[in-house]
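Commentary on secondary and tertiary structure
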Amino acid sequence: MPNITIHKTSEDVPLPLYYQAETFIRLTWADDEDYDMDDGLDEPAVHITLSEGNTLFSYASLISTDLALAGVTYRCYGLRSVFTFPASRKQGYGGQVVQAAGDYVSQQADADVALLWTEAHNIAFYERLGWVTMTTMKTLFGEPDSPEVFDEETAMMLFISDKGRAGKAVFDTGQVYVGDEPW
């Protein structure tokens, strides 16, 4: 029976699982700069694995950063690289990994919100797990003085703290700068 494990650093991920995750990410989302085998899985990050022995079934990672919006700074955990290997899909594994990620974020004393981007066909999946679709929030990235709009995927959020929940309306209608690039 597969087990969920939270790994606080990439060094904590057993090498067979690490290489499976890294390879899936490179094959699925590779570009010329990201996911270089020499760099490994991005750090610092928390890695969530669902595995049995040396077999990885599903994976996700979390980063944390500060987001400033309307004069308020929010501690944000970014969910990224969520996947389940094709042979293991439709068994609830992806949901278990995303739920574990949400539970982990909810237990962090500094967490205000969590943010992810996804394709339209995945929205219902994340909504079932409590994520809120941010239909009018505008995501900005790149150079701070001349950011670009990231509109390739739909933003979804969890509102964790009282401060985060109080800021939901501001997020929904705001422009959120996330740094050099979306995760």
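This one's a predicted model, so the numbers in the text were calculated from it and none came from an experiment.

Before going further, it helps to examine the layout of surface pockets. Its volume calculated, the largest pocket comes out at about 1,400 Å³. For the lining of the largest pocket, the class distribution of residues is 17 nonpolar, 13 polar and 12 charged.

What follows covers unusual backbone geometry. The backbone phi angle of A70 is positive, close to 55°, even though this residue is not glycine. Among the secondary structure elements, A70 is positioned in the loop between β3 (55–69) and β4 (72–84). The exposed category is assigned to A70, whose relative accessible area is 64%. The backbone of S81 shows a phi angle near 55°, a positive value even though the residue is not glycine. As for its placement among the helices and strands, S81 is situated in strand β4.

To continue, consider the pattern of salt bridges. Enumeration over the complete set of coordinates arrives at four salt bridges. A salt bridge links R75 to D66; its shortest N-O distance comes to 3.0 Å. According to the relative accessible area criterion, R75 is partly exposed, its value standing at 22%. Of the residues examined, D66 reaches a relative accessible area of 47% and is grouped as partly exposed. Close ionic contact of K163 with D112 constitutes a salt bridge, the shortest N to O distance being 3.7 Å. One end of the pair, K163, is in helix α4 (residues 162–166); the other, D112, is in the loop between α2 (93–106) and β5 (113–118), and 51 residues separate them in sequence. Judged by its relative accessible area of 39%, K163 falls in the partly exposed class. Connected through shared salt-bridge partners, D66, R75 and D110 make up one network.

Residue position: S51 is located in strand β2 (residues 46–52). Looking at S51, the relative accessible area reads 9%, which means it is buried. Excluding residues that lie within four positions of it along the chain, S51 makes contacts with P2, N3, L17, L56 and F57.

Reading guide: rules and limits
Residues numbered from 1 in each chain as written. Predicted model: local features only at pLDDT ≥ 70, side-chain atom pairs only at ≥ 80, totals over all residues. Heavy atoms only, no water. 1 Å grid on protein atoms, 1.4 Å probe; cavity = no way out; pocket = protein on both sides within 12 Å on 5 of 7 lines; lining within 4 Å. Points joined across faces, edges and corners; volume = space filled by probe spheres on them. Nonpolar A, V, L, I, M, F, W, Y, C, P; charged D, E, K, R; others polar. Helix = DSSP H or I, 4+ residues; strand = E, 2+ residues; numbered from the N terminus. Buried < 20%, exposed > 50% of the residue type's maximum accessible area, 1.4 Å probe, protein only. Salt bridge = Lys/Arg side-chain N within 4 Å of Asp/Glu carboxyl O. Contact = heavy atoms within 4.5 Å.

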